[in-house]
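So the chains spell out like this:
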Amino acid sequence: MCEPPPIKFIGLYQCTHGFQYNSECRLPCEESSTQLDPAHNVIRCQKDGSWSGSFHLCDSIKGPCELPHLSITDALIINCGQGYEIGAECNVTCLDDEKKEVVIMPYNVTERYLEHWMNPTRVQRIICTGRRQWYPPPEELVCIKRCEPFIADNYCDGGNNWAFCDYD
């Protein structure tokens, strides 16, 4: 298996067999000069788990992502020091960074109904993709209580006894 191509290419390429060995992934471009070279923007997953090459953004794919929209109740801070162009990464944190962290919650679940076996995905940054959309989408991000600092101290702390904190 190969690792997925960089996030900025999400939604732009198609693969014959996912990211498995010998799968071929293509990122088609509209430019006529690249159409002449059938190997342009085609990568293949090799035996050693690496790709045979790398994708390049097509000349026709340009422009920034829109500034991420957040409501005042989101309690998120998004810092886009690299700007908003394709490939830009923005750091995301919570207003109360010491007590909360940014996650994507399981579908149809709020923090109040988060079960001990659920493990929301931690998010540290969002990336502007070639489709000029943020990944992951900022509207899916929420702040939840951070794990307490005393993990793996030979005591079972109730606040850390759930999947998100590796069941202290």
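Everything numeric in this text was worked out from a predicted model, so none of it was measured.

Chemist: Could you give an account of the state of the cysteines, naming the residues involved and the relevant values?
Modeler: According to the stated counting rule, one finds 7 disulfides in the structure shown. Shown here is the disulfide that connects Cys-15 with Cys-25, its sulfur atoms set 2.0 Å apart. Measuring handedness by torsion sign, the sulfur bridge of Cys-15 and Cys-25 sits at about 110° and is right-handed. Residue Cys-15 is found in strand E1 (residues 14-15), and its partner Cys-25 is found in strand E2 (residues 24-26); the two are separated by 10 residues along the sequence. Given the relative accessible area of 25%, Cys-15 is considered partly exposed. Shown here is the disulfide that connects Cys-29 with Cys-58, its sulfur atoms set 1.9 Å apart. With the S-S dihedral at roughly -75°, the linkage between Cys-29 and Cys-58 falls on the left-handed side. Residue Cys-29 is found in the loop between E2 and helix H1 (32-35), and its partner Cys-58 is found in the loop between strand E3 (42-44) and strand E4 (76-79); the two are separated by 29 residues along the sequence. Assigned by exposure class, Cys-29 and Cys-58 land together as buried.

The rules we used
Residues numbered from 1 in each chain as written. Predicted model: local features only at pLDDT ≥ 70, side-chain atom pairs only at ≥ 80, totals over all residues. Heavy atoms only, no water. Disulfide = S-S within 2.5 Å. Helix = DSSP H or I, 4+ residues; strand = E, 2+ residues; numbered from the N terminus. Buried < 20%, exposed > 50% of the residue type's maximum accessible area, 1.4 Å probe, protein only.

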